[in-house]
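Examination of the molecular architecture
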Amino acid sequence: VLRALDPFPSWKGQQEMYKLDIDWPKIPEYFTGQTFCVAVDSLHGLVYVGQRGDNVPKVLVFSVEGYFLYSWNDTVEMPHGIFVLNTATDSSVWITDVGTGKYGHTVKQYSPSGKLLQILGTPGNAGSSLIPLQFDQPAEIFVEESGDVYVVDGDGGMNNRLLKLSNDYKTMWLTGTNGTGIGQFKIPHSVTVDPVGRVWVADRDNKRIQVFDKVTGEWLGSWNSCFSEDGPYSVRFTANYKYLIVAQLNLNRLAILAAPPVGSIGDCAVLNTIQLADETKPHLVDVDMKSGALYVAEIGAQQVQKYIPL
């Protein structure tokens, strides 16, 4: 058994924590573009995949069993990040769009069937840091059940920041500029929130994860030592919040890190890894919070793969 609090984990000798589900999806041929992102609706057993390419459906919807259900395409140009929100009364799908055409530089909310419900940002216009809701290649979004929204804005554009919006899309706080210092970013690429009030950001090109207080936006610490070879592309917690799954695209691997409980985040400890095939290029991941399964969007292999916890 892996112990999350073991101060000296020897993960290379540990047995595997996940196995590949070779039967997911049932028909891989539905992947016809570059698969950049994946999101799981654990409540309804659905998996949403965002892909790019000419004349391909931009959003594919599968069941967790691997059956293709339907696709939609309207008003999505170049999906980068995708997130499913379930509330007591409704479900919605959020997509960050980094396109440069008339739909790009936006964060958009859709119904599960693909009806556009909400646009944040000005479609087609790259923004500046001076205006909070003017995005420039927004990378990813995380939405809490309360409706509070966290956006990492800066997949290579002029913005390098993390912002929190209220459920009526007013700016609660905003942090970050381009740089290497505390609270600065070089391509903030992925964001997630834990149950004890911390916001975790994959600060990709600074090769670190930075952590912030979700109420105040205050900087709480950073993890550097685990990412000397390649920066973190994606951050997601496992269903029990004991581990943090981090995609490292250039190493073609997923790192499984011990998640600190309350208090100081300390430094990172890699407990295990999932080594993918060469040129797979895992970009963003998501976790089924019911089954614990991992879904990995791979832009090199142009597929999404599912890993089942052992």
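Refer to the structure printed above.
Read on for a plain summary of the structure. Note that the structure is a prediction, hence the values are computed from the model and not measured.

1. A short note on the state of the cysteines
Counted by the stated rule, this structure contains one disulfide. In this model Cys 226 forms its disulfide with Cys 268; the gap between the sulfur atoms is 2.3 Å. Where Cys 226 bonds to Cys 268 through sulfur, the torsion about that S-S bond is close to 125°, and the disulfide is right-handed. With Cys 226 in the loop between β17 (219–223) and β18 (234–237) and Cys 268 in the loop between β20 (253–258) and β21 (270–275), this pair connects stretches of sequence that are 42 residues apart. The class of Cys 226 is buried, set by a relative accessible area of 14%.

2. Re the packing of aromatic side chains
Going through the model one piece at a time under the given rule, you end up with 13 aromatic pairs. Ring geometry for Phe 185 and Phe 212: centres 5.9 Å apart, planes at 50°, overall tilted. Note that Phe 185 is positioned in the loop between β13 (171–175) and β14 (188–193) and Phe 212 in strand β16 (residues 208–213), a separation of 27 residues in sequence. You can call Phe 185 buried: its relative accessible area is 0%. Given a relative accessible area of 0%, Phe 212 falls into the buried group.

3. What to know about the sheet that holds strand β24 (residues 303–309)
Taken in spatial order, the four strands of this open sheet run β1-β24-β23-β22, and their pairing is antiparallel. At either margin of the open sheet sits one strand with a lone partner, and together these are β1 (18–20) and β22 (282–287). Averaged over all neighbouring strand pairs, the angle between strand axes comes to 30°, with direction disregarded. Bridge analysis of β1 against β24 gives three bridges, and the strand direction is antiparallel. When the sheet's bridge partners are listed, Tyr 18 is paired in β24 with Pro 309.

Analysis parameters
Residue indices begin from 1 for each chain and proceed along its sequence in written order. Reporting in this predicted model follows two pLDDT cut-offs: at least 70 for local features of residues, and 80 or more for side-chain atom pairs to be given and counted; totals over whole chains, interfaces and linings ignore these cut-offs and use all residues. In computing side-chain values, all of the structure's heavy atoms are included and hydrogens and water are not. Disulfides are defined in this document as cysteine sulfur pairs within 2.5 Å. Here a strand is any run of E in DSSP of at least two residues, a helix any run of H or I of at least four, and the numbering for each starts at the N terminus. Relative accessible area decides the class of each residue, using a 1.4 Å probe on protein chains only: under 20% of the type maximum gives buried, over 50% gives exposed, and in between gives partly exposed. Pairing of aromatic rings covers Phe, Tyr and Trp, the last counted by its six-membered ring, and requires centre-to-centre distances within 6.5 Å; plane angles under 30 degrees mean stacked, over 60 mean edge-to-face, and any other angle means tilted. When DSSP finds two or more bridges between a pair of strands, those strands are recorded as paired. Here an axis means a line fitted to C-alpha atoms, over the contact stretch when the element is a helix, while the angle between two N-to-C directions is reported on a 0 to 180 degree scale.

These values are about where atoms sit, not about what they do.
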